[in-house]
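The lines below spell out each chain.
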Amino acid sequence: MWLRKLITKRDANMKFVFDNDLEKYLRSLGVLEDIGSGRTTCRYCGDVISKNNLMAIVPEGSDIKFVCNKPSCVQKVEYVV
Ligand SMILES: [Zn+2]
């Protein structure tokens, strides 16, 4: 089964969330609608984030940043964490 890696900087724990739980998780963060609307972009490359290319979630203060699944972007997140 494919796992999607979600990273939160706040607790420095990598969270592995099953696809089925992703929507629930995004809703709990209050960002589910943003992702569906195309308003959310990758923190590093600026690509529009969808549920298909979302790889990481990085809380920054009261903001939540998203990172796409390009290897070059994922590497930056892992460096930050
Ligand atoms: Zn990116």
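Thresholds, definitions, all that
Each chain carries its own residue numbering, running from 1 in the direction its sequence is written. Only residues with pLDDT of at least 70 get local features here, since the model is predicted, and only at 80 or more are side-chain atom pairs given and counted; chain-wide, interface and lining totals rely on the full set of residues. The numbering of helices and of strands both runs from the N terminus, where a helix is a DSSP run of H or I of at least 4 residues and a strand a run of E of at least 2. Buried means a residue has 20 or more other C-beta atoms within 10 Å of its own C-beta, exposed means 12 or fewer, and partly exposed covers the counts in between; C-beta atoms are placed from the backbone. A pair of residues counts as a contact when their C-beta atoms, built from backbone coordinates, are within 7 Å of each other. Here a strand pair is declared whenever DSSP counts at least two bridges between the two strands. The pLDDT value expresses, per residue, how confident the predictor is, ranging between 0 and 100. Think of a nonpolar core as buried Ala, Val, Leu, Ile, Met, Phe, Trp, Tyr and Cys residues, each tied to the set through C-beta atoms within 7 Å.

Visitor: Any chance you could break down the overall build of the chain for me, citing the residues and the numbers?
Guide: Secondary structure assignment for the chain yields three helices and four strands. Put simply, the chain runs from its N terminus to its C terminus through helices and strands in the order β-β-α-α-β-β-α. Relative to its 81 residues, the chain shows a buried fraction of 17%. For the chain, contacts bridging at least 24 residues in sequence account for 36% of all contacts bridging at least 6.

Visitor: Got a sec to walk through the pairing of strand E4 (residues 63-68)? Specific residues and values, please.
Guide: Examined bridge by bridge, strand E3 (residues 54-60) and E4 share six bridges and lie antiparallel to one another. Following the sheet pairing, Pro59 is matched in E4 by Ile64. Count of turn residues in the E3/E4 antiparallel hairpin: two residues, of which Gly61 carries a positive phi of about 60°.

Visitor: Please give an account of the environment of Ala56 that cites residues and values.
Guide: Examined against the element boundaries, Ala56 turns out to sit in strand E3. Under the C-beta neighbour-count criterion, Ala56 is labelled buried, with 26 such atoms within 10 Å. Separated by 18 residues in sequence, Ala56 and Val74 place their C-alpha atoms 7.5 Å apart.

Visitor: How would you summarise the confidence of the model for the chain if you had to cite specific residues and measurements?
Guide: Per-residue pLDDT for the chain has a mean of 74; in total, 70% of the residues score no lower than 70. At the level of individual helices and strands, the chain shows its lowest average pLDDT in strand E2 (residues 14-18), which scores 49, and its highest in helix H2 (residues 32-37), which scores 86. Below pLDDT 50 for its whole length, residues 8-16 participates in 16 contacts with residues either more than four positions away or in separate chains.

Visitor: Could you give an account of the nonpolar core, with specific residues and numbers?
Guide: Residues Cys42, Ile49, Leu54, Ala56, Ile57, Phe66, Val67, Cys68 and Val77 constitute the largest nonpolar core, which totals nine residues. If near-sequence neighbours (up to four positions away) are discounted, Leu54 is found in contact with Ile35, Ile49, Phe66 and Cys68.

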